[in-house]
Amino acid sequence: MAIILDGKKTANQFRETLARQVADFAAETAVIPCLAAVLVGDDPASQVYVRNKQSACSQAGIASRLLRLPAGVLQTELLDEIERLNHDPAVHGILVQLPLPGHLNTQQILDAVDPSKDVDCFHPDNVGRLVQERPRFLPCTPHGVLQLLQAYQLKTAGKHVVVVGRSEIVGKPMAALLMQKNGPLGADYANAMVTVCHSRSGDTSNILRQADILIAAIGQPQCIRGEQLRPGAVVIDVGINRIATGLVGDVDFESCAEVASAITPVPGGIGPLTVAMLLDNTLRAARLRTKH
Ligand code: NDP
């Protein structure tokens with residue numbers, strides 16, 4: 001039976017350390033890091049995510065602002081608001097809660113965020129820097145995965161890591177971090193041999209069975225089963241899917257926990273770490289501004 005990788009506990013420990021770093025930073029600079037969240041429309045899940053992020057900010061001593069805009073906001077109006085936040089010296093990090101309503105051009109909105117305030121690490125400048133191993137920010141969910149692996153000393157160097165999913169938010173930056181030489185958490189938590197699978201990969205059963213570490217970021221409830229894994233594999237389930245019985249991941253927890261050596265639960269796995277890493281980026285952004 002697999003050990004459970006407790007993302008909530010790891011995130012809480014990270015947040016305690018971060019709160020001390022924020023307090024030290026504020027004492028040195030008299031600056032309170034501030035995150036501005038932009039929420040368009042009234043999607044219930046997005047409202048919950050934003051509320052959680054704001055409450056996490058306040059527990060870490062980070063100020064937060066919420067800019068709520070109606071679902072029908074025009075592209076130009078939203079761009080103007082982003083521009084205002086870009087120029088506001090009291091705002092260090094800007095996050096645009098996704099998804100945006102369909103009439104808006106999401107790419108153009110995300111590209112409009114000042115790269116030095118881009119705490120989600122979505123801007124092409126920041127993605128490019130990440131790929132070249134000189135990051136300004138770290139992508140929140142992939143960084144959270146590395147923090148969890150490190151907390152349990154599950155090294156990635158020399159391991160075959162299979163990432164299922166190639167989104168800009170999870171799969172791609174996850175693969176980019178894992179294949180680095182030095183890595184933000186050190187060489188032991190980089191230097192993986194990475195295979196990325198996606199919806200056009202065809203039959204992936206041979207690939208999945210070779211994974212020392214499997215990272216699922218697919219968005220399909222419980223679609224990876226224990227029979228597909230190599231015995232003793234480490235399973236990181238990034239997926240969050242709402243089904244009739246509640247929230248489930250992209251892996252079938254029961255059957256995978258029988259075969260794996262370690263596995264993340266959903267909820268309580270990568271989700272809490274993603275929020276913690278957003279706080280980390282907000283402090284980084286404030287340090288960038290003040291050069292501390
Ligand atoms: P996307 O929908 O953007 O990407 C899903 C990826 O999975 C795509 O690359 C897609 O391939 C691939 N895919 C879809 N079906 C299959 C399949 N049957 N076999 C192999 N690959 C497949 O999702 P995200 O990356 O944004 O999110 C993935 C999951 O993670 C979601 O459940 C989301 O809710 C969750 N999530 C959780 C976070 C957390 O904090 N825990 C943070 C962000 C996301 P293709 O590119 O070919 O379409």
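Calculation criteria
- Residues numbered from 1 in each chain as written.
- Predicted model: local features only at pLDDT ≥ 70, side-chain atom pairs only at ≥ 80, totals over all residues.
- Heavy atoms only, no water.
- Pairing = 2+ DSSP bridges.
- Helix = DSSP H or I, 4+ residues; strand = E, 2+ residues; numbered from the N terminus.
- Axes fitted to C-alpha atoms, helices over the stretch in contact; angles between N-to-C directions.
- Domains from an automatic or database assignment.
- Parallel < 35°, antiparallel > 145°, perpendicular 65-115°, else oblique.
- Left-handed = near helix turned anticlockwise from the far one by under 90°.
- Contact = heavy atoms within 4.5 Å.
- Nonpolar A, V, L, I, M, F, W, Y, C, P; charged D, E, K, R; others polar.

## Describing the sheet that holds strand β3 (residues 63-69)
Strand pairing in a sheet is mediated by backbone hydrogen bonds. Such pairs are either parallel or antiparallel.
In step 1: Pairing is parallel across the open sheet formed by three strands, whose spatial order is β3-β2-β4. The two strands at the open ends of the sheet, each matched to only one other strand, are β3 and β4 (93-96). For this sheet the average axis-to-axis angle between neighbouring strands, irrespective of direction, equals 20°.
In step 2: One ladder, built from four bridges, connects strand β2 (residues 34-40) with β4; its direction is parallel.

## With respect to the domain arrangement of the chain
In step 1: Structurally, the chain comprises domain 1 (30-115) and domain 2 (140-271).
In step 2: On a C-alpha basis, the centres of domain 1 and domain 2 stand 28 Å from each other.

## Considering the packing of helix α1 (residues 7-29) against helix α10 (residues 270-290)
In step 1: In the contact formed by α1 and α10, the axes pass within 9 Å of each other and the chain directions differ by 15°. As far as their axial angle goes, α10 and α1 are roughly parallel. Along this stretch, α1 crosses α10, giving a crossing that reads as left-handed. Packed against α1, whose contacting residues are Gly7, Lys8, Thr10, Ala11, Phe14, Arg15, Leu18, Gln21, Val22, Phe25 and Thr29, the element α10 presents Pro272, Leu273, Ala276, Met277, Leu279, Asp280, Leu283, Ala286, Arg287 and Thr290 at the interface.
In step 2: When the residues that make up the contact of α1 with α10 are grouped by side-chain class, the tally is 12 nonpolar, five polar and four charged.

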